[in-house]
Amino acid sequence: MSASRHETGPAVDPERSLRVLLVASECAPYAKCGGLGDVVASLPEALRGLGVDARIMLPLYSSISKKAYGLTEEAPCLVQCGGGEQNGCGVWGGTTAGGVPVWFIEHNRYFARSGIYDHFGAEYGDNAFRFGLLCMAAAQVCRDRQWIPDVVHVHDWPTAIFPALLDAWRVAGEPLGRAGSVLTIHNQSYQGYYHPSVLGYLGLGPEYFTQDRLEAWGKINLLKGGIVMADAVTTVSPTYAKEVLGEPGGNGLSDYLQARGRDFEGILNGADYGEWNPEKDPWIPANYREGDLDGKRLCKMELQAQMGLNADAEAPLFGIVTRLTAQKGTGLMREVLPRMLNEKSMQLVALGSGEHADEDFFRWLAQAYPGRVGVTIGYSNELAHRIQAGADFFLMPSLFEPCGLAQMYSLRYATLPVVNATGGLDDTIEAYDAKTGAGTGFKFYEPDGEAFFAALALAVDTWEARPHHIAGMRGRAMRVRFDWADSARRYVEVYRRVALKRA
Ligand code: ADP
Ligand code: GLC
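Notes on the structure in this doc start here. No experiment lies behind these values; they were computed from the predicted model shown.

The next subject is the overall build of the chain. A tally of regular secondary structure across the chain gives 18 helices and 20 strands. On C-alpha atoms alone, the chain measures out to a radius of gyration of 23 Å, which is about the 23 Å that the 2.2 N^0.38 rule sets for 503 residues. Each of the three principal axes of the chain carries a C-alpha extent, and together these read 70 × 50 × 45 Å. When contacts within the chain are restricted to residue pairs at least 6 apart in sequence, long-range pairs at least 24 apart make up 72% of them. When the accessible area of the chain is evaluated, it comes to approximately 19,700 Å², of which 51% is carbon and sulfur surface. For the chain, the separation between the mean place of its 48 positive charges and that of its 59 negative charges on side chains is 3 Å.

Structural data, given as structure tokens:
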């Protein structure tokens, strides 16, 4: 493309809606482990609200019920892999509750499994092949339907190989090679190190197995490949964007991100207030709104009853809903929660699953503090809503947090977050000021036990001694909005830039 093309005006026809294909391993409610699933569901809905033809491509995991979601079978596709291998895939079509078209790729060998990435903690060894095939099939579905996206938007390591595939198709003169690519990093600590044989499987030659592309320590690093090869790279909050540009936040990839210059930026996620709204939430025992928290008091009583806690309206009730993994500050929780329970008249409910040692700790905590700690090990969207509504405070002492959605939801439910000031937690929570009563939550600034303890103790003290401050913070918290339309507008700017570059 000549430079003058830029000067004479946009090559993307503003009359034709931009076509964006989101390719991902998760999308709520079909398949979700954490916030990635929420984002992949909400962003395209907001994009369509702005006139973008956004669509989603997902694997058809066996946990996704075709019947429950009303999926319809479409013409299958034949994926031509490297070395002459052909893979026939079923294609199923559906529409999200928010009106976004979704294509599901059916491939029994790779996707007819109960887990998304692992089987009860044991990672599937062929993940690079599974998600690589998803990318290849996504491309084939587009070709077959002659729906060529302007931009392919991929998410985290599972689909980060897509920009390299686009590059190869561009070199081969394929129409799909005209698509631009955007990689969003939701978590830089998962990078996807795999045996290089996956490159051959995907038809990528040895020119992609170089240090300035996918190679890393004799293996391939999928996230690194995406960072280097995507037309633009984003992450999910401005502060995390700064953190990953250095070490240790960059997990060894900071140099590659720095090299992207202005092609890398942080765009804060939005929150889905259709799903997370105490005024309308169908999962909670009573609805409530700002200025009238009677329903919240009822939600607390019901939560105490459900989780086996003493009925006590006065005790400050702390809630946890999380993947149980080191990122989420489980080490800090182990260190500090028993001391808090010994010294303060607090109650705690926790919902989570993950590392076995963390699960064991929470089971132990419930046994050690009967009537004051209630724990459910597992995954339950309904209970997540009930905890957001019934708790007084929400704990997120994450060691790092690219964005964090759960604290955004807790603000909306007047459940004041206690957070480590890192990444998106720092961007979204305003620290309490004991003099003025300002703020929307309690923050600590060093990921150590003393600082976490002090923040928790301040929350309890404020609850007991300054209830008017709590009431003020709750009102303020409930009014905060992280609007997806604002974030989607920022993505559209990125897409337009990328599409122009490729036009
Ligand atoms: P992350 O994506 O790192 O897990 P986020 O705060 O961005 O963190 O998103 C977490 C999402 O996953 C929220 O929607 C939260 O309610 C949900 N979640 C996490 N653990 C559970 C669980 N055990 N049961 C139900 N929902 C969960
Ligand atoms: C990741 C991050 C989390 C973020 C979510 C959605 O799972 O850990 O902080 O909110 O992705 O972007």
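From this point on, the discussion continues.
For the rest of this paragraph, the subject is the site of ligand 1. Taken together, 22 residues lie around ligand 1, and Lys32, Gly35, Asp38, Arg323 and Lys328 are the ones closest in. One of the side-chain N or O atoms of Lys32 is found 2.9 Å from an oxygen atom in ligand 1. The set of elements that each furnish at least two residues to the shell around ligand 1 consists of helix H2 (35-49), strand E15 (317-324), strand E16 (347-354), helix H13 (381-390) and helix H14 (406-412). When residues of the shell around ligand 1 are assigned to their parent elements, the largest contribution, three residues, is made by E15. Looking at the shell around ligand 1 residue by residue, the class counts come to nine nonpolar, eight polar and five charged.

Further remarks concern the sheet that holds strand E17 (residues 373-377). With respect to topology, six strands assemble into an open sheet ordered E17-E16-E15-E18-E19-E20, the strand pairing being parallel. On the outer flanks of this sheet lie E17 and strand E20 (442-444), each paired with one strand and no other. The average undirected angle you get between the axes of adjacent strands in this sheet is 15°. The sheet strands contacting helix H12 (residues 356-368) are E15, E16 and E17, and the helix crosses E17 at an angle near 145°.

Turning to unusual backbone geometry, a few remarks are in order. Of the consecutive residues Ala28 and Pro29, the connecting peptide bond is found in the cis state with omega at 0°. You can see Pro29 is positioned in the loop between strand E1 (19-23) and H2. Unlike most non-glycine residues, Phe120 shows phi in positive territory, near 45°. The residue Phe120 is located in the loop between strand E6 (118-119) and strand E7 (122-123) in this model. Positive phi is not limited to glycine here, since Gln146 has a value of about 50°. Relative to the elements of secondary structure, Gln146 occurs in the loop between helix H4 (127-145) and strand E8 (151-155). Overall, Gln146 belongs to the exposed group, its relative accessible area being 68%.

Close to ligand 2 lie 14 residues; His186, Asn269, Glu401, Cys403 and Gly404 are nearest. His186 is positioned with one of its side-chain polar atoms (N or O) 2.7 Å from an oxygen atom of ligand 2. One of the side-chain N or O atoms of Asn269 is found 2.9 Å from an oxygen atom in ligand 2. A total of 310 Å² of accessible area belongs to ligand 2 in isolation, and the protein chains cover 94% of it. If you tally residues by element for the shell around ligand 2, the top one is H2, at three residues. Across the shell around ligand 2, the residue classes tally to six nonpolar, six polar and two charged. Two domains each put at least three residues into the shell around ligand 2: domain 1 (19-270 + 485-502) and domain 2 (294-479).

What counts, and where the lines are drawn
Residues numbered from 1 in each chain as written. Chains lettered and ligands numbered in written order. Predicted model: local features only at pLDDT ≥ 70, side-chain atom pairs only at ≥ 80, totals over all residues. Heavy atoms only, no water. Helix = DSSP H or I, 4+ residues; strand = E, 2+ residues; numbered from the N terminus. Rg over C-alpha atoms; globule rule 2.2 N^0.38 Å. Contact = heavy atoms within 4.5 Å. Areas by Shrake-Rupley, 256 points an atom, 1.4 Å probe, with all protein chains shown as cover. Lys, Arg positive; Asp, Glu negative; His and termini not counted. Charge placed at Lys NZ, Arg CZ, Asp CG, Glu CD. Near = heavy atom within 4 Å. Polar contact = N/O pair within 3.5 Å; in protein donor to acceptor, adjacent residues only side chain to side chain. Nonpolar A, V, L, I, M, F, W, Y, C, P; charged D, E, K, R; others polar. Pairing = 2+ DSSP bridges. Axes fitted to C-alpha atoms, helices over the stretch in contact; angles between N-to-C directions. Buried < 20%, exposed > 50% of the residue type's maximum accessible area, 1.4 Å probe, protein only. Domains from an automatic or database assignment.

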